[in-house]
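Geometric and topological summary
So you can see what is in the structure, the chains are spelled out below.
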Amino acid sequence: MLYPTLKTTFTTKRSLNQLETLSLSIVIANAMIWLSYATGSYTSYISGALSFSIIFYISIVLAISAKREHAASQHKNEARYQQKLQADDVDAMTQKLTRLMHQEQLFLNANLTLVQLAKKLGTNTSRLSQFFNDNLQISFPNYLNTLRIAHAKTLLCADNKLPTDHIADLCGFNSLSTFYSAFKKMTGTTPAQYRQHAHQNQKNA
């Protein structure tokens, strides 16, 4: 415990946690007490006792603080668990979201925000974000990109002459570079390569 704590203190910018701080305080306290008694012939022996008392009280305060921090963390996790969406709420939100995305195609709006979508669904951004992360296991931006890339693939296969930048615009991307990056990440290929491969398969079919 001591070596990693000292290494963290002098070689990294990370702050020490409560346990590390308490351990380091104990080591420093022992060093101060030993130094006080070692130099007792030059000073008063009472300095050792005073040093011990001061460090002892500081250690108690740090221990209590660490216990409170741990309790607060547990309480926060329990509160989040209790606030998880109920099954009925999840089903209702899933149905509304599916209708908005597939019937109204809101994902094609390049400026769609979490706030706007939450308003459409009749909920707040905290619950909607929690719905995406906990229930759908995907972030809001990645959810939109998944739908946009699926739509782009359809357009690439349907029209061989439609410019790629126009497809990016039609699918809700603010820039061609963003479209290329998202497409490559989700398909492992570029839009041009995907289109060429798709049309080649159509010819061979």
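Going by the structure above, here's the rest.
So, here's what we can say about the structure.

Conventions and cut-offs
- Residues numbered from 1 in each chain as written.
- Predicted model: local features only at pLDDT ≥ 70, side-chain atom pairs only at ≥ 80, totals over all residues.
- Heavy atoms only, no water.
- Helix = DSSP H or I, 4+ residues; strand = E, 2+ residues; numbered from the N terminus.
- Buried < 20%, exposed > 50% of the residue type's maximum accessible area, 1.4 Å probe, protein only.
- Contact = heavy atoms within 4.5 Å.
- Areas by Shrake-Rupley, 256 points an atom, 1.4 Å probe, with all protein chains shown as cover.
- Polar contact = N/O pair within 3.5 Å; in protein donor to acceptor, adjacent residues only side chain to side chain.
- Core = buried A, V, L, I, M, F, W, Y, C linked by side-chain atoms within 4.5 Å.
- Salt bridge = Lys/Arg side-chain N within 4 Å of Asp/Glu carboxyl O.

With that settled, the discussion passes to the overall build of the chain. Counting its regular elements, the chain contains 10 helices and zero strands. Per-residue burial for the chain yields a buried fraction of 29% across its 205 residues. Counted over contacts in the chain with a minimum sequence separation of 6, partners at least 24 positions apart contribute 53%. Total accessible area on the chain stands at roughly 13,900 Å², and carbon and sulfur atoms take up 57% of it.

Looking at the secondary structure, you find Ser175 in the loop between helix H8 (164-170) and helix H9 (176-187). Separated by 10 residues in sequence, Ser175 and Asp165 place their C-alpha atoms 8.0 Å apart. In terms of polar contacts, Ser175 uses its side chain to reach the side chain of Ser177, at 3.2 Å. Here the side chain of Ser175 touches Thr178 through a polar contact of 2.7 Å, side chain to side chain.

Now for the nonpolar core. The tendency in soluble globular proteins is for nonpolar side chains to be buried as a group. Judged by nonpolar contacts, the single largest core of 19 residues is most densely connected at Leu97, Met101, Leu117 and Leu128. Going through the elements one at a time, helix H4 (87-102), helix H5 (114-121), helix H6 (125-135) and helix H7 (140-158) are the ones with two or more residues in this core. Top contributing element to this core by residue count: H4, with five residues. Excluding its chain neighbours within four sequence positions, the residues that come into contact with Met101 are Leu106, Phe107, Leu112, Leu117, Tyr143, Leu144 and Leu147. By size, the runner-up hydrophobic cluster in this structure holds 12 residues, among which are Ala168, Phe179, Ala182 and Phe183.

With that settled, the discussion passes to the pattern of salt bridges. If you walk through the whole model with that rule in mind, you get two salt bridges. Taking the shortest distance from any N to any O, the salt bridge between Arg127 and Asp89 comes out at 3.5 Å. One end of the pair, Arg127, is in helix H6; the other, Asp89, is in helix H4, and 38 residues separate them in sequence. Judged by its relative accessible area of 28%, Arg127 falls in the partly exposed class. Across the pair Glu104 and Arg99 runs a salt bridge whose closest N-O atoms are separated by 3.1 Å. Judged by relative accessible area, which is 40%, Glu104 ranks as partly exposed. Classification of Arg99 as partly exposed rests on a relative accessible area of 36%.

Considering the arrangement of structural elements, one finds Ser126 in helix H6. Given the relative accessible area of 55%, Ser126 is considered exposed. For the pair Ser126 and Val115, spaced 11 residues apart in sequence, the C-alpha to C-alpha distance is 9.5 Å.

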